[in-house]
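Okay, here's what each chain looks like letter by letter:
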Amino acid sequence: MRILVTGATGQIGSELTLALRRRYGSENVVAAFHRTPLPPPLKDSGPSVRLDVTDRAELEEAVREYKPNVIYHLAAILSAKGEENPAAAWRVNLGGLYNVLEVARAGGVRQVFWPSSIAVFGPKTPKDNTPQDTVLSPTTMYGVTKVAGEYLCDYYARRFRLDVRGVRYPGIISSETPPGGGTTDYAVEMFYAAVKGERYTCFVRPDTVLPMMYMPDCLKAAIQLMEADPSSLTRRADYNVAAMSFSAEELAAEIRKHVPSFQVEYRPDFRQEIADSWPRSIDDSAAREDWGWEPSYDLSRMVEDMLARLKRRLQAEL
Ligand code: SER
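Let me sum up the structure you'll find in this document. (Residues numbered from 1 in each chain as written. Predicted model: local features only at pLDDT ≥ 70, side-chain atom pairs only at ≥ 80, totals over all residues. Heavy atoms only, no water.)

A short note on the packing of aromatic side chains
- Counted under the stated rule, the structure contains 10 aromatic pairs.
- Aromatic side chains Trp291 and Trp293 sit 6.0 Å apart centroid to centroid with 45° between the ring planes, which places their arrangement in the tilted category.
- In textbook terms, an aromatic cluster arises when at least three aromatic residues are bridged by ring pairs, as seen for Tyr98, Tyr155, Tyr156 and Phe160.
- Above the face of the Phe160 ring, Arg105 is positioned so that its terminal group lies 4.2 Å from the ring centre. (Phe/Tyr/Trp six-rings, centres within 6.5 Å; stacked < 30°, edge-to-face > 60°. Lys NZ or Arg CZ within 6 Å of the ring centre and 35° of its normal.)

See below:
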């Protein structure tokens, strides 16, 4: 197996690339990055290539050179940043996906993983226990590209028999690389502030509830889905996956159990409206039935582990 990971320096990519290297052999996993230089753990542990997913020729060249049979395509612009530059979000998210699917089809790639998101849902979607098949009414450009992307993946699977798979991730909480410009970033930022002994100004209201997932479960979902027996799968790139749901205030309270002095003030900005348009909780029974999805981390386990890891990392950097 030979794997190419785009967006390898991003929030998910930086950890998924290392997890794939551990599982399938370091030399078999190529880390593709664009603007952000590769951090040492990625640079030193396997092959890498600089490429821009919006540039078809660069992608073709990388596929010719490294001959991957699997691509994990993670390069994307998140929801809040996408609202600052909708044109760039369209170009990178949808143009990038189109290029990856085309190059995969023409270059003999067997399998593609592509993450969708809870951002496919919107104000018309039922907010609690959001069904797998329901109204999609995205209000952000990011969400629009994720809805279109899900259908594009479906199309390539049907029309060209490309084995494209993906999940609708909730907000992802990670200790290694912070997310860049998402609506759910407050959940990660809170931990950094708490560990540094700082007061946190949260950009959504305290009662804002969103579905979230801890990074180990995020990695597990991707790898488990990609390894699943194709005959058991009933969907392509739109599997709902869930792990936990909590309000901003509940997260702060859970962190306070470990850092009693932690203080949060709430000053909602434009991201509140995006958060309000997304579900509070997700029905992931299709993923559970088809490929055995089951999360390992709930709120208290995640907070404990996250604080321990961040403390270790930030102290080592001092
Ligand atoms: N975490 C993402 C965002 O906030 C949701 O897919 O944009």
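Following the structure, the description resumes.
Here's the deal with the environment of Ala32
- By the element assignment, Ala32 lies in strand S2 (residues 29–33).
- The exposure class of Ala32 is buried, given its relative accessible area of 2%.
- Measuring from C-alpha to C-alpha, the distance between Ala32 and Arg91 comes to 18 Å, with 59 residues separating the pair along the chain.
- Ignoring sequence-local partners within four residues, the contact set of Ala32 consists of Leu4, Val5, Thr6, Gly7, Ala8, Val49 and Leu51. (Helix = DSSP H or I, 4+ residues; strand = E, 2+ residues; numbered from the N terminus. Buried < 20%, exposed > 50% of the residue type's maximum accessible area, 1.4 Å probe, protein only. Contact = heavy atoms within 4.5 Å.)

Focus on the site of the ligand
- In the vicinity of the ligand, the contacting residues are Leu78, Ser79, Ser117, Tyr142, Gly182, Thr183, Thr184 and Trp278.
- The contact in question runs from an oxygen atom of the ligand to an N or O atom on the side chain of Tyr142, over 3.0 Å.
- Within the backbone of Thr183, an N or O atom sits 2.6 Å from an oxygen atom of the ligand.
- If the ligand stood free it would expose 240 Å²; the protein chains cover 93% of that surface.
- Counted by class, the shell around the ligand contains three nonpolar, five polar and no charged residues. (Near = heavy atom within 4 Å. Polar contact = N/O pair within 3.5 Å; in protein donor to acceptor, adjacent residues only side chain to side chain. Areas by Shrake-Rupley, 256 points an atom, 1.4 Å probe, with all protein chains shown as cover. Nonpolar A, V, L, I, M, F, W, Y, C, P; charged D, E, K, R; others polar.)

Describing the packing of helix H7 (residues 185–196) against helix H9 (residues 248–256)
- Look at H7 against H9: their axes get within 11 Å of each other, and the N-to-C directions meet at 25°. By the angle class used here, H7 and H9 are roughly parallel. Every pair of crossing elements has a handedness; the one defined by H7 and H9 is right-handed. Only Ala248, Leu251, Ala252 and Ile255 of H9 make contact with H7, whose side of the interface consists of Tyr186, Ala187, Met190, Phe191 and Ala194. (Axes fitted to C-alpha atoms, helices over the stretch in contact; angles between N-to-C directions. Parallel < 35°, antiparallel > 145°, perpendicular 65-115°, else oblique. Left-handed = near helix turned anticlockwise from the far one by under 90°.)

Digging into the sheet that holds strand S4 (residues 70–73)
- Strands sit in the order S3-S2-S1-S4-S5-S7 across an open sheet of six strands; the sheet is parallel. Looking at the sheet topology across the chains shown, the edges are occupied by strand S3 (48–50) and strand S7 (163–165). Across this sheet, the average inter-strand angle for adjacent strands is 20°, counted without regard to direction.
- Here S4 pairs with strand S5 (residues 111–113) via three bridges, running parallel. What sits directly across from Tyr72, in S5, is Phe113.
- Packing against the sheet, helix H8 (residues 215–227) makes contact with S4, S5 and S7, and its axis sits at approximately 155° to S5. (Pairing = 2+ DSSP bridges.)

Concerning the sheet that holds strand S6 (residues 116–117)
- Taken in spatial order, the three strands make up an open sheet running S6-S8-S12, and their pairing is parallel. In this open sheet, the two strands that pair with only one neighbour each are S6 and strand S12 (239–240).
- Pairing of S6 with strand S8 (residues 167–169) involves two bridges; the strand directions are parallel. The residue bridging Ser117 from the neighbouring strand is Tyr169, located in S8.

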